[in-house]
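Take a look at the letters that make up each chain.
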Protein chains: 2
Amino acid sequence: MRTSIATVCLSGTLEEKMHACARAGFDGIEIFEQDLLVSPQSPAQIRALAAELGLSLDLYQPFRDFEGVDEQQLADNLYRAEAKFMLMRELGMDLMLLCSNVATATLGDDGTAAAQLRLLGDLAARYGIRIAYEALAWGRFVNDFEHAWRIVELADHPNIGTCLDSFHILSRGWDPAGIEKIPAEKIFFVQLADAPQLSMDILSWSRHYRVFPGEGAWALDQFLGHLVRGGYAGPVSLEIFNDVFRQADEVRTAVDAMRSLIWLAERTSVHLQETDGPQARYPMELATLPQVPEPTGFNFAEVKAEDTGQLQTLLGQLGFTFQGRHRTKAVQLWTQGRARIIINEQQARNQEPAIAALGFDVADPVRAASRAVQLKAEPVPRQSQADEEVLQGVYAPDTTEVFFCQGTGDGTAAWTREFARPQDSSAAGTAGNTGLDLVTQVDHVNLAQPWQHFDESVLFYESTLALAPSPSTEVPSPVGLVRSQVMRTHDGAVRLALNIAPLVMEKPGPSSESAYPQHIAFACTDLVALARRAVAAGLEFLQIPANYYADLQARFRLDPALLATLQELNLLYDRDEHGEFLHFYTATVGSVFFEVVERRGGYNGYGAPNAPVRLAAQYLLAQRSRDGSAKIAGYARNR
Amino acid sequence: MRTSIATVCLSGTLEEKMHACARAGFDGIEIFEQDLLVSPQSPAQIRALAAELGLSLDLYQPFRDFEGVDEQQLADNLYRAEAKFMLMRELGMDLMLLCSNVATATLGDDGTAAAQLRLLGDLAARYGIRIAYEALAWGRFVNDFEHAWRIVELADHPNIGTCLDSFHILSRGWDPAGIEKIPAEKIFFVQLADAPQLSMDILSWSRHYRVFPGEGAWALDQFLGHLVRGGYAGPVSLEIFNDVFRQADEVRTAVDAMRSLIWLAERTSVHLQETDGPQARYPMELATLPQVPEPTGFNFAEVKAEDTGQLQTLLGQLGFTFQGRHRTKAVQLWTQGRARIIINEQQARNQEPAIAALGFDVADPVRAASRAVQLKAEPVPRQSQADEEVLQGVYAPDTTEVFFCQGTGDGTAAWTREFARPQDSSAAGTAGNTGLDLVTQVDHVNLAQPWQHFDESVLFYESTLALAPSPSTEVPSPVGLVRSQVMRTHDGAVRLALNIAPLVMEKPGPSSESAYPQHIAFACTDLVALARRAVAAGLEFLQIPANYYADLQARFRLDPALLATLQELNLLYDRDEHGEFLHFYTATVGSVFFEVVERRGGYNGYGAPNAPVRLAAQYLLAQRSRDGSAKIAGYARNR
């Protein structure tokens, strides 16, 4: 599959965009006219740069408002087209995108449009240029790809073909199956865009909210499947108008884009095998990746810190056991049930405690890591001694290190042998652990995401770890709405909540003075018992206001004894049609806190109605810990 | 008119919100339940704080999903209601909002709903509480205010009335005239929200995009007019769910909110006088402000800087005349035609040149300033000597100082007498001025706005200066889309372009290294002559790429001689059905640059198609002026 991308997807100058596309591994690019117009580089310089970078210049776009016009306008339009053909000759380009007329068309009959396209084809032929005619979803007379194709068919000119853009087809709800009826050689170009399912006017949706394949709601594997089955073998290009990508680093965005196409090629290949059988062959080659099943659990979570004292105390109070230090590294291991927490003191100078890495149990770590790297994830350089287990890892978009660990039937991990138990097991840090493990495993991990890389994060976890996105929610906090997106396995063994904090401008709060807090939630079998033990061990709980309990009672008519226990222990409660959820939060250390949860029955959520209570309590704590100066600071600045 | 506001409009804790509402001058507040639940303050403490701040607690909200349910659910709902009534008693509150059932209603007939409301009314009466029943636009069975009123009428209970919310009525396109048919004493509460005209699902529109009256697209003066004419005299409250307000400083937002109500009261009063005649009287009193006509021009623009050398050179090269220094202050005056630029060196230590103040010609400066202050604008403290003209000014939301100056028929300004002409008129700074004033006046001024105060800015300029918003546009730049909103007088004598820069996160650019550049555009009668004179004087023009001119030719088929002149002088060109527009930009000094424009015929725009060319050129310049370090910095950080 030849890959291409429109320069309008990226930020920066045309030169910067081209360098980014080359670095991400694209075969070619579409030159978006605006990017050329504002560039001081001459067409010849752009042509030379493309050659130097190994990028083909696939499509010049857009040419607008040509067909369906009166004679005078037609003459003007042909004049305008010829000027662009001369420019394309300087660029060494031979394919131009023509969008269906939005503004100047007055004649709606196909015969006129086809006749005018034929004239354009004649002119283009003189310059060795071909025209790809595309139906915009909001075209004046032509807004349906099958209609555009009928006009191309009617024009019947070797230099006139069609361009198919998934946005213009799927946003209108047209059935893409019709693509297979168009002769492949008349499909001159293909552009793919995904989009979230928004109910808004199509033009705004298109201009601001497009995302890369896999980051939206559309089945683009099926869409591309129709093209492949129909025999299309030309470039598959991305044309994504997105307000956020326009502001983000262009190299990152280009890598994200490339990942989306690699992933889509695989998905399309799988889709075609499922529908057409494994023997089917097509002109387009779809490279596939090493297949990996879902992870089966969290292997470990790593917190990095210079000063680990408070963390050790917290874990001890929660009932964790100190399993010792690593043989060669300044790293501690704490466990309870199958939950393993690594405290990493290496290269942590001046670092407040923060979640640095997550390990996932997978069937085949080498294969999983190889897949991730083929998906353009950056490998984590990890030094290890000769006799140590080598952990394979990559960086997630928020720089969290993601490790692929060997899953085992009994939930053990071989690497834990590298940790030496302390001589004196009553050493500091084991306080609170009476020997009974109430925590069974990590229930979920909540990571803060920079808002401008949210879509990238979703695709990253879906493509590399086979996690699926749940419907997202929004939680009010005193400093703004927090968007929460859970990525999980089907069985819930791995649940990752990605929180996008509001971009705080003016309100001081938890997200402004320190990094936005993240947390690790542990599953336990008896929350009340664990909480009582933690109280006895001196754990600092996040304090829950009395008003919350009054409302809880009004909503759920709880047994008064249970309500009293909840309030006494600062426990939170939720209930749905499947079961009950009890949980509590610890105080925050650095940018990390812990949660302990008990799921009763089939409760499958995360206590979302309680999240505002937590955020408000953390806001108040952060406020109190400040010296009263209301600094203007933002979450983003702390990343 | 009694003013009120829902606590959900503001950021912060409940206490912070209440303090902000009191400071902004609201009479009362609606307690949004969530704000109370997450607060550590007891109901009694909240009640005491409200009393201390002089705020009435007008409405407890929301109570949801009560009516149209089966017997079991009804019992649960009454239990839940009674718990809230007890809470309200602690708060000393007597009015609760009931939203039409969204989730649990199974019985859609009005009789059932009315009967169940009657039961609720009986229960409420025992606590001295009244219920205001409101139709949500997305209610299961009840989503129309007239339907909600029919049920209230059917319930026929003294403790059951209705609540009217402009959002739920206008978003569905219901005709608000029906409000006048509802007996005023049965309208227990009124909530107002404005909204931009978006075509999206109503729930998302409501939850994220509401704005204060005057900041959206709706005729809320007519809406409130129906209430006033119908005899309503209760509180007029604001309930605005807005993602940006949730993040912004609550004191600012509260002031913005109060301004919107003051302005709305005036507009409603004017509207009623126009429709019902000046003699009409109503139970609700609508305070009015001193009326002011549109400004008739820019009186001056002030640039502040520590080092004024480059500014002086630029103005001289543009043909401005140095009119001398102020008698007592470190301030210079430069003029050309009716354009006056003040260069202020006072209190400018370490300050790069930036636009600091704008003076507007108005009919009655004292009246205009009084109006602005009554609209909660903060006055600028201005020191002046005994014999000097006292300028009345207020701060705009972006901290630009806005002065109300005495307009004159001949375009002169009395305060210029305070500037002493230099002894030697050939002194530095007059270079380039050959004595012929080609500039006639300030054409427009372009101010960068912090994105989180954009709505506030629009209302500020509309309410205090009688400027009207034009349709907004979006301009692509290498670091993201720039939104541009022109505020202007009907005759175009005053035009102010508010630019909202992208919140740059990762791309270094003009907006990250220094403050986002702003500019002053001068109108002239002969741009080519002025440009040639400026070239001769050594002016540094913003360089326009050759690719731009090739495209210009393709689009407009310009006379080759004109095209050559444009390209030679770095002039930009635009044309519409009314006329032509020629303009150029200077290099940027600090965060200021200048533009000179020539309007030919009836051209009424600002050369928007050329703005991307300007932004890209400025981006490249800023890039070159940096030392190559790609810092992660943002526009917001520089405010």
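Computed from a prediction, not measured in an experiment: that's the story for all the values here. Note that residues are indexed from 1 along each chain, following the sequence as it is written. For this description, chains carry letters from A and ligands carry numbers from 1, given in the order in which they are written. Totals for whole chains, interfaces and linings use all residues, but because this is a predicted model, local features are given only for residues with pLDDT of at least 70 and pairs of side-chain atoms are given and counted only at 80 or more. Calculation of side-chain values draws on the structure's entire complement of heavy atoms; hydrogens and water are dropped beforehand.

Peer 1: Help me understand the overall build of chain A, please; the structure alone is not making it clear to me.
Peer 2: Helices and strands together make up the secondary structure of chain A, namely 18 helices and 25 strands. Rg of the C-alpha trace for chain A: 29 Å, near the compact-globule value of 26 Å for 639 residues, within the 12% margin. Along the three orthogonal principal directions, the C-alpha set of chain A runs to about 90 × 60 × 50 Å. Only protein chains enter the area calculation, which uses a 1.4 Å probe; residues under 20% of their type maximum are buried, those over 50% are exposed, and those in between are partly exposed. Counting across all 639 residues of chain A, residues that qualify as buried make up 62%. We call two residues in contact whenever any of their non-hydrogen atoms come within 4.5 Å of each other. Partitioning the intrachain contacts of chain A with sequence separation of at least 6 by distance along the chain shows that 75% fall at a separation of at least 24. Runs of E in the DSSP output that reach at least two residues are strands. Runs of H or I that reach at least four are helices, and both are numbered from the N terminus. Atoms counted for the radius of gyration: C-alpha only. Globule rule: 2.2 Å times the number of residues to the power 0.38.

Peer 1: What's the story with the environment of Leu-238 of chain A in this structure? I'm lost.
Peer 2: All names here are of chain A. Residue position: Leu-238 is located in strand β8 (residues 236-238). Owing to a relative accessible area of 0%, Leu-238 belongs among the buried residues under this scheme. Leu-238 sits 202 residues away from Leu-36 along the chain, and the two C-alpha atoms are 18 Å apart. Beyond its immediate sequence surroundings of up to four residues, Leu-238 is in contact with Ser-4, Ile-5, Ala-6, Cys-9, Phe-26, Glu-30, Leu-192, Phe-212, Pro-213, Ala-257, Ser-260 and Leu-261.

Peer 1: Looking at this structure, I do not really get the interface of chain A and chain B. What am I missing?
Peer 2: Interface size is commonly expressed as the accessible area that is lost once the parts come together. On the chain B side, the residues contacting the 63 residues of chain A number 63 residues. Both sides together, the interface formed by chain A and chain B hides about 5100 Å², and carbon and sulfur atoms give 56% of it. Each reported salt bridge corresponds to a side-chain nitrogen of Lys or Arg within 4 Å of a carboxyl oxygen of Asp or Glu. Counting across the interface, chain A meets chain B through four salt bridges. Across the salt bridge formed by Asp-551 of chain A and Lys-84 of chain B, the nearest N and O atoms sit 2.5 Å from each other. Residues adjacent in sequence count toward polar contacts only when both atoms are side-chain atoms; beyond that, a polar contact is any pair of N or O atoms within 3.5 Å, and within protein one must be able to donate a hydrogen and the other to accept it. Counting every contact that joins chain A to chain B gives 22 residue pairs in polar contact (both at pLDDT 80 or more). Taken together, the elements giving at least two residues each to the side of chain A that touches chain B come down to α2 (33-37), α4 (71-91), α10 (250-276), β19 (473-477), β20 (480-488), α16 (546-556) and α18 (611-625) of chain A. Only Asp, Glu, Lys and Arg are considered charged, only Ala, Val, Leu, Ile, Met, Phe, Trp, Tyr, Cys and Pro nonpolar, and every remaining residue, Gly among them, polar. Here the residues of the side of chain A that touches chain B sort into 29 nonpolar, 16 polar and 18 charged. Put simply, buried area is how much 1.4 Å-probe accessible surface two parts lose in total, over both of them, once they are put together.

Peer 1: Explanation requested: the packing of helix α1 (residues 14-24) of chain B against helix α10 (residues 250-276) of chain B in the structure shown.
Peer 2: To describe two helices that pack against each other, one gives the angle between their axes and the distance between the axes. Residue and element names in this part refer to chain B. Structural elements are reduced to axes, namely lines fitted to C-alpha atoms, with helices fitted over the stretch in contact, and the angle between N-to-C directions of any two is expressed from 0 to 180 degrees. At their nearest, the axes of α1 and α10 sit 8 Å apart, and the two run at 40° to each other. Taken together, α1 and α10 sit at an angle that is classed as oblique. Crossing of α1 against α10: the hand is right-handed. In contact with Glu-16, Ala-20, Cys-21, Arg-23 and Ala-24 of α1, α10 contributes Glu-250, Val-251, Ala-254, Val-255 and Met-258. Considering only residue class, the contact of α1 with α10 consists of seven nonpolar, no polar and three charged. An angle below 35 degrees is read as roughly parallel, one above 145 as roughly antiparallel, one from 65 to 115 as roughly perpendicular, and any other as oblique. Crossing chirality is assigned from the near helix's rotation relative to the far helix, an anticlockwise turn below a right angle marking it left-handed and a clockwise turn marking it right-handed.

Peer 1: Looking at this model, I keep getting lost on the UniProt feature "binding site: a divalent metal cation" (unreviewed entry) in chain A. Mind explaining?
Peer 2: Residues and elements named next belong to chain A. In the numbering used here, UniProt assigns the "binding site: a divalent metal cation" (unreviewed entry) feature to Glu-134, Asp-165, Gln-191 and Glu-239. Look at the named residues: they lie 106 residues apart in sequence, but the longest C-alpha span between them is just 13.2 Å, so in the fold they bunch up. You can see Gln-191 is positioned in strand β7 (residues 187-192). Take Gln-191: its relative accessible area is 0%, and that puts it in the buried class. Leave out the neighbours within four places in its chain, and Gln-191 touches Glu-30, Leu-59, Gln-61, Leu-97, Glu-134, Cys-163, Leu-164, Asp-165, Ser-166, Ser-237 and Glu-239. With respect to the helices and strands, Glu-239 occurs in the loop between β8 and α10. When near neighbours in sequence (up to four residues on either side) are disregarded, Glu-239 contacts Ala-6, Val-8, Cys-9, Glu-30, Gln-61, Asp-165, Gln-191, Leu-192, Ala-193 and Arg-210. UniProt positions are given in the numbering used here, feature names are shortened, and annotations may be inferred rather than shown by experiment.

Peer 1: Explain the side chain of Thr-308 of chain A here, please?
Peer 2: Turning to its location among the elements, Thr-308 of chain A is positioned in the loop between β9 (297-304) and α11 (309-317). Excluding its chain neighbours within four sequence positions, the residues that come into contact with Thr-308 of chain A are Gln-332, Ile-343 and Glu-345 of chain A.

Peer 1: How do you make sense of the sheet that holds strand β15 (residues 401-406) of chain B when you look at a structure like this?
Peer 2: Through backbone hydrogen bonds, the strands of a sheet pair up, either in parallel or in antiparallel fashion. Residue and element names in this part refer to chain B. For two strands to be treated as a pair, DSSP must find at least two bridges joining them. In space, the eight strands of this open sheet follow the order β14-β15-β13-β9-β12-β11-β10-β16, with mixed pairing throughout. This sheet does not close on itself; its edge strands, each paired only once, are β14 (392-395) and β16 (419-420). Two elements, strand β10 (residues 321-326) and β16, share two bridges in a ladder whose sense is antiparallel. Residue pairing across strands places His-326 opposite Phe-419, the latter belonging to β16.

Peer 1: I'm lost on the sheet that holds β9 of chain A in this one. Help?
Peer 2: All names here are of chain A. The strand order β14-β15-β13-β9-β12-β11-β10-β16 describes an open sheet built from eight strands, whose pairing is mixed. Edge positions in the sheet fall to β14 (392-395) and β16 (419-420), since each of these pairs with one other strand and no more. Here β14 pairs with strand β15 (residues 401-406) via four bridges, running antiparallel. Looking across to β15, one finds that Val-394 is bridged to Val-402. Across the sheet, helix α12 (residues 365-374) lies against β13 (354-362), β14 and β15, angled at about 150° from β15, the strand it touches most.

Peer 1: Would you mind going over helix α17 (residues 560-569) of chain A with me for this structure?
Peer 2: Each α-helix winds once per 3.6 residues, and so residues spaced three or four apart point in a common direction. Residues and elements named next belong to chain A. When α17 is considered as a whole, its buried residues turn out to be Leu-562, Leu-563, Thr-565, Leu-566 and Leu-569. One side of α17 carries all its buried residues, which in axial view fall inside an arc of 160°. Looking at the buried residues of α17, the elements they touch are α15 (527-536), α16, β23 (572-575) and β24 (579-585). In the segment just after α17, Asn-570 is the residue with positive phi, at about 60°. Picture the helix axis, draw a direction to every C-beta atom, and the arc is the one those directions span.

Peer 1: Would you mind going over the relation of the copies chain A and chain B with me for this structure?
Peer 2: There are two copies of the chain, and a rotation about an axis plus a shift along that axis relates them. Here chain A sits on chain B after a turn of 180° about the axis and a move of 0.0 Å along it, with an RMSD of 0.1 Å. Considering both components of the superposition, the chain copies are consistent with a two-fold axis. When C-alpha distances to the rotation axis are compared across chain A, the minimum falls at Met-200 of chain A, with a value of 2.0 Å. A share of 100% of interface residues in chain A that are also interface residues in chain B marks the association as one of identical surfaces. Copies are brought into register by a least-squares superposition over C-alpha atoms of residues with pLDDT of at least 70 in both.

Peer 1: Which parts of the structure should I look at to understand the domain arrangement of chain A?
Peer 2: Residues and elements named next belong to chain A. All domain edges in this entry derive from an automatic or database-based domain assignment. Partitioning chain A into structural domains gives domain 1 (3-276) and domain 2 (297-638). The C-alpha-based centres of domain 1 and domain 2 are spaced at 44 Å. Across the boundary between the two partners, domain 1 contributes 20 residues, which contact 15 residues of domain 2. Per-residue buried area on domain 1 facing domain 2 is highest for Arg-252, Arg-259 and Trp-263; these three make up 42% of the total on that side. Where domain 1 meets domain 2, there are two salt bridges.

Peer 1: Any chance you could explain the packing of helix α9 (residues 220-229) of chain B against α10 of chain B here in plain terms?
Peer 2: All names here are of chain B. Axis separation between α9 and α10 bottoms out at 8 Å; the angle between their running directions is 70°. The orientation of α9 relative to α10 falls into the category roughly perpendicular. Along this stretch, α9 crosses α10, giving a crossing that reads as right-handed. Each of Leu-220, Asp-221, Gln-222, Leu-224, Gly-225, Val-228 and Arg-229 in α9 lies in contact with α10, whose residues at this interface are Leu-264, Arg-267, Thr-268, His-271, Leu-272, Thr-275 and Asp-276. Residues that form the contact of α9 with α10 fall into these classes: five nonpolar, five polar and four charged.

Peer 1: Explain the packing of aromatic side chains to me, please; I cannot follow it from the model alone.
Peer 2: Each aromatic ring pair is characterised by the separation of its centres together with the angle its planes make. Stacked, edge-to-face and tilted are the three classes for Phe, Tyr and Trp ring pairs, Trp counted by its six-membered ring, which pair at centre distances within 6.5 Å; planes under 30 degrees apart are stacked, over 60 edge-to-face, the rest tilted. Using the criterion set out here, one finds 40 aromatic pairs over all chains in the structure. For the pair Phe-556 of chain A and Tyr-573 of chain A, a centre-to-centre distance of 5.4 Å together with 75° between the ring planes defines the contact as edge-to-face. In this pair, Phe-556 of chain A sits in helix α16 while Tyr-573 of chain A sits in strand β23, placing the two residues 17 residues apart along the sequence. Taking relative accessible area as the criterion, Phe-556 of chain A reaches 12% and is therefore assigned buried. The buried category is assigned to Tyr-573 of chain A, whose relative accessible area is 0%. Ring geometry for Phe-85 of chain B against Tyr-127 of chain B: centres 5.8 Å apart, planes inclined by 45°, an arrangement best described as tilted. Remark: Tyr-127 of chain B occurs in the loop between α5 (110-126) and β5 (130-134) and Phe-85 of chain B occurs in helix α4 (residues 71-91); sequence separation between them is 42 residues. The exposure class assigned to Tyr-127 of chain B is buried, which follows from its relative accessible area of 16%. Ring pairs connect the aromatic residues Phe-300, Phe-403, Trp-415 and Phe-419 of chain A, which therefore count as one cluster.

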